[in-house]
Amino acid sequence: MDVQTLTYLVVGVTFAMYIGIAIKTRAGSTKEFYVAGGGVPPILNGMATAADWMSAASFISLAGIVSFVGYDGSVYIMGWTGGYVLLALLMVPYLRKFGKFTVPDFIGDRYYSQSARTVAVICAIFISFTYIAGQMRGVGVVFSRFLEVEVDTGVYIGMCVVFFYAVLGGMKGITYTQVAQYCVMIFAFMVPAVFLSIMMTGHIFPQLGFGAELLDATGNSSGVYLMDKLDGLSTDLGFSMYTQGSKDMIDVLFITGALMFGTAGLPHVIVRFFTVPRVKDARSSAGWTLLFIAIMYTTIPALASFSRVNMIQSINGPESQGVPHAEAPMWIENWEKTGLIKWEDKNNDGRMFYSNTETNEMNVDRDIIVLATPEMANLPAWVIALMAAGGLAAALSTSAGLLLVISTSVSHDLLKKNLMPNISDKKELMYARMASGAGIIMAGYFGINPPGFVAAVVAIAFGLAASSLFPAITMGIFSRKMNKEGAIAGMLAGLSFTTAYIVYFKFVNPAANMSENWLFGVSPEGIGMLGMVINFVVAIIVCKMTTPIPQEVVDMVESIRFPKGAGEAHDH
Amino acid sequence: MSFEDAEKAKGYWNENLKLVIKLLAIWAFVSFGCGVLLVDILNQFSFMGFKLGFWFAQQGSIYVFLILIFVYVKKSNTLDKKYGVDE
């Protein structure tokens, strides 16, 4: 069977499985739709949350980014895992005890204010939309690369599948589908990484092979450590040293922080921990989530360095003389057809050469690093097929989770809690499904007409989450004094500072976006952390100058601080 | 109120805070400390074939994060039992 047929087969089987699961576990009530009835076992919830968290960008692009920037890529590796420590220790046990459905629910109740709820709803919807725009594009890209259909057709197919199981199944259907998607995605990611590790270093675990000595052509240890080889190649070819990177330390610090605190403030992540039965399950579920994410996130940097060495050696040859194009490995030829690798023979010697100086003749897209691994490791066609299914699983699972936040925000936070408080459970469910549908259409639109600013907008999403929702939630739990005036002023201050800074450097005056012009040398990607500090400071000052909070809110804060009684979750 | 008295409630919360602060200090030390601020110093040492600072930034910090969460799960469950507020 050729790769094409095999890919159709594997992708078809996985899609059928997702839809089958969705039909079996579809939601019947708003509680099932929003929080899966609150009865998901913690390990399964961890797996589902991991799938929700790891997007098409994590699966397809992250290893490529790390591969090209080395140490600088650590901001994503630490930033997108470290946030879970904050979630587990500072947020999820208390929010689970609080026992309602959404982040705006908590902010609205804790700060006894519709305006606070509205600010939170706007943040939640905005953050989720910026994310989902990228996901649908990911679906389209995977379809076009592996199945040779138009990107647009790929987006339509992806929209139909997500529509079917997110709208029908709600959180319950999504959770169980995501468990299956996690398995598909992790298997697809690990198989090529393990084989590449064995081929290059003789280690089964990429995490160990990463630090080991390279094997030579005869399969014996060459005496050169992979990392030393990589540093040597990088400096010889005019790149900055792989293990050191080129970003300023202060910027690395702030970006890492913004991503960590941003992760802990993302509504589609927080809401996942409302689905488990008890407070202690919420705590352990955060641990399981990080474990399942860590399997991939500790492999990503390893894969990045294997592919980097493999790629440079395939192009430049062992003696750095350049490999004649006619003798290039198959995968280079295959990916040249897609335009993701380009070769321009500047010195007309018929040889390829890759460097960071004027001798460079190659243009290599970062996404190659993951997508081409099965071919680099000489793996059979079914692994390539698996890769397509894995990329789709990553994109679909994240889209579904985000759609749910959008539909919940509209039907529950905006309609039920704000505009039409008297609607029935059934009506609310109908509006939730309608909002999901509208969300998919919007996402599909952005998938087909991708805005050029997706990457910039994602920086805003994390910045907003870090500078608005994270401080409001943690102060709501850890302070018995923080009042609505303080919280709202803090959120607005953090929000407007962060947005203004990012909008200025990304849209208004992109030419000025360089470290000399940045405040304290912090790039727009890292500014959310400063926004967070501003939020805390403003909130505390305003709180000191305004009226104390009502006694019943103090009682509520005290009651969420210990687990007992969370089992009687609030139905409403 | 599930605690016997206000004194107990305060004791529980203080112990909980102490635990969280301790664990978050380690969290900040391995990520912001070893992975970023001290990276150049730690890179002088070699660990399992890596420069130590680089290893912390791309591997070690994640392992420590994992341990921190599971330690927290275990200790906070014990704390709940001690004060009789477990489920």
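Fair warning: this is a prediction, and the values are worked out from it, not measured in the lab.

Participant: Hey, could you run me through the overall build of chain A in this one?
Facilitator: Each helix and strand in chain A was counted, giving 22 helices and four strands. The C-alpha radius of gyration computed for chain A amounts to 24 Å, which stays within 12% of the reference 25 Å derived for 572 residues, consistent with globular compactness. Each of the 572 residues in chain A was classed as buried or not, and the buried ones make up 60%. Considering only residue pairs separated by 6 or more positions, chain A has 81% of its internal contacts joining residues 24 or more positions apart.

Participant: Help me out: how do you make sense of the overall build of chain B in this one?
Facilitator: A count of helices and strands for chain B gives three helices and two strands. Each helix and strand of chain B, placed in order from N terminus to C terminus, yields the pattern α-α-β-β-α. For a compact globule of 87 residues, the expected C-alpha radius of gyration is about 12 Å, and chain B comes in at 18 Å, more than 25% above that figure. C-alpha atoms of chain B, sized along the principal axes, occupy 55 × 20 × 15 Å. Within chain B, counting contacts between residues at least 6 apart in sequence, those at least 24 apart form 53% of the total.

Participant: Mind showing me how you'd approach the confidence of the model for chain B here?
Facilitator: Averaged over all residues, the pLDDT of chain B equals 92, while 99% of them reach at least 70. For this predicted complex, the interface score ipTM comes out at 0.96, while the overall pTM is 0.91.

Participant: Sorry, what's going on with the environment of B:Leu52 here?
Facilitator: Of note, B:Leu52 is situated in helix H3 (residues 52-82). B:Leu52 has contacts with B:Leu42, B:Asn43, B:Phe45, B:Ser46 and B:Phe47, leaving out every residue within four places of it along the chain.

Participant: Where do I start with the interface of chain A and chain B in this structure?
Facilitator: Accessible area lost upon the coming together of the parts is a frequently used measure of interface size. Taken together, the contact pairs 41 residues of chain A with 37 residues of chain B. In terms of residue count, the dominant contributor to the side of chain A that touches chain B is helix H13 (residues 279-316) of chain A (twelve residues).

Participant: For this particular structure, what's the right way to read unusual backbone geometry?
Facilitator: What you tend to see is this: most non-glycine residues have negative phi, and most peptide bonds are trans. In this structure, A:Ser320 is a non-glycine residue whose phi angle is positive, near 60 degrees. Summarising the element assignment, A:Ser320 is placed in the loop between H13 and helix H14 (330-337). With 15 C-beta atoms packed within 10 Å, A:Ser320 lands in the partly exposed category. The backbone of B:Met48 shows a phi angle near 50 degrees, a positive value even though the residue is not glycine.

Participant: Looking at this structure, how should I read the environment of A:Gly490?
Facilitator: Residues and elements named next belong to chain A. Take Gly490: it is sitting in helix H20 (residues 484-508). Look at Gly490 and you get buried, because 27 C-beta atoms sit within 10 Å. Along the chain, Gly490 and Ile21 lie 469 residues apart, while their C-alpha atoms are 43 Å from each other. Other than its neighbours up to four places away in sequence, Gly490 contacts Pro471, Ala472, Asn535, Phe536, Val538 and Ala539.

Participant: Looking at this model, I keep getting lost on the pairing of strand S2 (residues 221-225) of chain A. Mind explaining?
Facilitator: Looking along a regular strand, one sees side chains alternate from face to face of the sheet. All names here are of chain A. When strand S1 (residues 213-215) meets S2, the two strands line up antiparallel, connected through two bridges. Bridge assignment links Glu213 to a residue of S2, and that residue is Tyr225. The loop that links S1 with its antiparallel partner S2 comprises five residues; one of these, Gly219, has a positive phi angle of about 90 degrees.

Participant: Is there a simple way to think about the environment of A:Phe462 in this case?
Facilitator: Residues and elements named next belong to chain A. Position of Phe462 among the secondary structure elements: in helix H19 (residues 454-478). Accessibility expressed as a C-beta count within 10 Å gives 29 for Phe462, which makes it buried. Residues Phe462 and Ile527 lie 65 residues apart in sequence; the distance between their C-alpha atoms is 9.7 Å. Other than its neighbours up to four places away in sequence, Phe462 contacts Ala258, Leu259, Gly262 and Gly528.

Participant: Hey, could you run me through H3(B) in this one?
Facilitator: Structurally, the α-helix is built with 3.6 residues per turn, so residues lying three or four positions apart point the same way. Its axis deflected by about 50 degrees at B:Gln59, H3(B) carries its strongest bend there. A positive backbone phi angle near 65 degrees is found at B:Gly84, which sits one or two residues after H3(B).

Participant: Honestly, the nonpolar core in this entry has me stumped. Any pointers?
Facilitator: Nonpolar side chains tend toward joint burial in soluble globular proteins. Core analysis: the biggest nonpolar cluster contains 218 residues, and A:Val162, A:Met185, A:Ala389 and B:Ile69 have the highest contact counts within it. It is helix H8 (residues 151-201) of chain A that contributes the most residues to this core, 21 residues altogether. Residues within four places of A:Met185 in sequence aside, it is in contact with A:Ala51, A:Met54, A:Phe59, A:Gly390, A:Ala393 and A:Ala394.

Conventions we followed
Residues numbered from 1 in each chain as written. Chains lettered and ligands numbered in written order. Predicted model: local features only at pLDDT ≥ 70, side-chain atom pairs only at ≥ 80, totals over all residues. Helix = DSSP H or I, 4+ residues; strand = E, 2+ residues; numbered from the N terminus. Rg over C-alpha atoms; globule rule 2.2 N^0.38 Å. Buried ≥ 20, exposed ≤ 12 C-beta atoms within 10 Å, placed from the backbone. Contact = placed C-beta atoms within 7 Å. pLDDT = per-residue confidence, 0-100. Pairing = 2+ DSSP bridges. Bend = angle between axes of the 7 residues up to and from the residue. Core = buried A, V, L, I, M, F, W, Y, C linked by C-beta atoms within 7 Å.

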